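# Working through the structure, step by step
Here's the letter readout for the chains.
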Amino acid sequence: MEASVASYDSPSSLSAGLRCRCPRCGEGKLFSGFLTIAKSCDRCGLDFSFADPADGPAFFVMSGVGILVTAAWAWWAVAAQPPIWAQFAVVVPALVAGCLGTLRPVKSWLVAEQYAHKAEEARWSSTGRHGEGGFTIDRRKASDR
Ligand SMILES: [Zn+2]
């Protein structure tokens with residue numbers, strides 16, 4: 001399949017993210033491991049090297065799950081006053097399961113947003129004239145360089 005000339009009916013970032021699929025074709029798998037992003041899409045060949053949400057998914061998952069579980073725990077502890085062993089038996093697994101269960105779709109969603117907004121690390125190109133402005137737009141015609 002020729003990837004560069006074909007046009008794709010790309011899914012929304014949220015749809016591709018929640019299903020952990022390729023942001024361009026919506027079919028290929030994004031992950032090759034639990035959180036390891038594949039080298040490229042196994043359906044359309046999209047190179048996933050642009051995809052690097054870094055610690056973004058962990059931050060959002062920890063914050064979201066932490067706030068929700070802690071709020072529910074606080075309400076439960078005040079309303080029902082359960083024994084401390086029961087609180088640990090419920091809250092710790094809820095935190096672990098909540099984080100592990102949402103990490104993949106959140107990471108996949110952030111990668112899909114990176115793809116949709118063409119967000120990647122900045123690449124600087126030098127005009128080769130260090131000392132004369134260095135990193136600037138070279139407005140001369142190519143034939144004059
Ligand atoms: Zn694809």
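Parameters at a glance
- By convention here, each chain's residues receive numbers from 1 onward along its written sequence.
- Only residues with pLDDT of at least 70 get local features here, since the model is predicted, and only at 80 or more are side-chain atom pairs given and counted; chain-wide, interface and lining totals rely on the full set of residues.
- Think of it this way: any DSSP run of H or I at least four residues long counts as a helix, any run of E at least two long counts as a strand, and we number them from the N terminus.
- By the convention adopted here, residues are in contact when the distance between their C-beta atoms, placed from the backbone, does not exceed 7 Å.
- Put simply, a residue is buried when 20 or more other C-beta atoms lie within 10 Å of its own C-beta and exposed when 12 or fewer do; between those, it is partly exposed, and each C-beta is set from the backbone.
- UniProt positions are given in the numbering used here, feature names are shortened, and annotations may be inferred rather than shown by experiment.
- For this analysis, nonpolar core means a set of buried Ala, Val, Leu, Ile, Met, Phe, Trp, Tyr and Cys residues linked through C-beta atoms within 7 Å.
- By definition here, a helix of n residues has an expected span of 1.5 Å times n minus one.

Attention now goes to the environment of leucine 110. Here leucine 110 shows up in helix 3 (residues 84–116). Spatially, the C-alpha atom of leucine 110 lies 8.7 Å from that of alanine 51, the residues being 59 residues apart in sequence. Beyond its immediate stretch of four places on either side in the chain, leucine 110 contacts Pro53, Gly56 and Pro57.

Turning our eyes to something else, we now look at the environment of alanine 112. In this fold, alanine 112 is placed in helix 3. Take alanine 112: there are 29 C-beta atoms within 10 Å of it, and that puts it in the buried class. Along the primary structure alanine 112 and serine 12 are separated by 100 residues, whereas in three dimensions their C-alpha atoms are 8.2 Å apart.

Mapped onto the present numbering, the UniProt feature "transmembrane region" (unreviewed entry) falls on residues 58–78 and 84–103. For residues 84–103, helix accounts for 100% and strand for 0%, while the C-alpha atoms at its two ends are 28 Å apart.

The next subject is the nonpolar core. Formed by 16 residues in total, the largest nonpolar core has its most connected members in Cys22, Cys41, Val111 and Ala112. Where this core is concerned, the elements lending two or more residues are helix 2 (56–80) and helix 3. With six residues, helix 3 is the single largest residue contributor to this core. With sequence-adjacent residues up to four places away left out, cysteine 41 is seen in contact with Cys22, Arg24, Cys25, Gly28, Leu46 and Phe48.

In a regular helix each residue adds 1.5 Å, so 25 residues correspond to 36 Å; helix 2 covers 35 Å between its end C-alpha atoms and thus fits that length. In this fold, the buried residues of helix 2 make contact with helix 3. Just beyond helix 2, the residue with positive phi is glutamine 81, at close to 45°.

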